Amino acid sequence: MTKKQRKIYYATILILGLFLMAWQVTIFRNTIIDVSILIGIILVVGIITFWVDFKNYGKTYKKKGIGLYFYSGMQYILSYGFIACSIFMLTNYYFAEKTPKKETFKIIERSSLPGRKYHRDERKPTFRINYNGKIKELVFNHEYYKKMDFFTNVELEVRKGYFGFDILENKKLN
């Protein structure tokens, strides 16, 4: 590959990794998984690709010293790390079992998030539940914000994911 092709390749992979990271947040909200597992996948893949491809990155960009290590490390973590983590999350999500089971959980904490741009006053209620020993935060639409103090339980339809991490199909406030 020429230097120009490598620059295009690195930029494309970085944009793809960042795009998948944004999409991964949506999948993460519907999956019961520990964040440390995802961070581990991102770091392990980023470090491995750093060792494998560092010389090519150094030949492509005119950085020297600590800057070269910093920018290349960020490149590999943000691109390859997030791509690998997204593949893991998407595989667990889309190859999950077909039959869901219903479970009810008691709400242990309430809070809210601001709405999207130009709709900041449309706050989204968030409820934390104890899901089999793990704290999971569930985000609901802004229509439930005014009544959020009246809800005591959350009813979930859950499927078992491909790698064993549960997937939230439907959530209902009671």
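Below you will find a few notes about this structure. All residue numbers refer to position in the chain's written sequence, counted from 1. In view of the model being predicted, local features appear only for residues whose pLDDT reaches at least 70, and side-chain atom pairs are presented and counted only at 80 or more, with totals across whole chains, interfaces and linings using the full set of residues. Note that the side-chain values use all heavy atoms of the structure and ignore hydrogens as well as water.

A look at the overall build of the protein
And then number 1: Helical segments are the DSSP runs of H or I of at least four residues, strand segments are the runs of E of at least two, and each set is numbered from the N terminus. Secondary structure summary: the protein contains three helices and five strands in total.
And then number 2: In the protein, the succession of α and β elements from N to C terminus is α-α-α-β-β-β-β-β.
And then number 3: Considering the protein as a whole, with its 174 residues, one finds that 37% of them fall into the buried category.
And then number 4: Contacts were defined at the residue level, with two residues in contact if any of their heavy atoms lie within 4.5 Å. A fraction of 61% describes how many contacts in the protein between residues 6 or more apart in sequence connect residues 24 or more apart.
And then number 5: Counting only carbon and sulfur atoms, one obtains 61% of the accessible surface of the protein, whose full area is about 11100 Å².
And then number 6: In the protein, 29 side chains carry a positive charge and 14 a negative one; their mean positions are 13 Å apart. When accessible area is computed with a 1.4 Å probe and restricted to protein chains, residues below 20% of their type maximum are described as buried, those above 50% as exposed, and intermediate ones as partly exposed. Surface accessibility in these figures is a Shrake-Rupley result with a 1.4 Å probe; residues are shielded only by whichever protein chains are displayed. Neither His nor the chain ends is counted toward charge; the positive residues are Lys and Arg and the negative residues Asp and Glu. Where a charge lies is defined by one atom per residue type: Lys uses NZ, Arg uses CZ, Asp uses CG and Glu uses CD.

Concerning the sheet that holds strand E3 (residues 134–139)
And then number 1: Read from one edge of the open sheet, five strands run E3-E2-E1-E4-E5, paired in antiparallel fashion. Taken across any chain shown, the strands that pair with only one partner, and hence form the sheet edges, are E3 and strand E5 (166–173). When strand polarity is set aside, the average angle formed by the axes of neighbouring strands in this sheet is 40°.
And then number 2: Paired strands are those between which DSSP finds at least two bridges. Judged from the seven bridges that link them, strand E4 (residues 153–160) and E5 form a sheet pairing that is antiparallel. The residue of E5 that forms the bridge with Val 154 is Leu 173. In this description, a line fitted to the C-alpha atoms serves as the axis of each element, helices being fitted only across the stretch in contact, and the angle between N-to-C directions of two axes falls anywhere from 0 to 180 degrees.

Quick word on the pairing of E4
And then number 1: With six bridges connecting them, strand E1 (residues 101–113) and E4 associate as antiparallel partners. By the bridge assignment for E4, Lys 106 is matched with Asn 153.
And then number 2: The hairpin formed by E4 and E5 contains five residues between the paired strands, and Gly 164 there has a positive phi angle of roughly 95°.

Observations concerning the environment of Phe 82
And then number 1: Relative to the helices and strands, Phe 82 resides in helix H3 (residues 66–94).
And then number 2: Between the C-alpha atoms of Phe 82 and Leu 16, which are 66 residues apart in sequence, the distance is 8.8 Å.
And then number 3: When neighbours within four sequence positions are excluded, Phe 82 is seen to be in contact with Gly 17, Met 21, Gln 24, Ile 42 and Ile 77.

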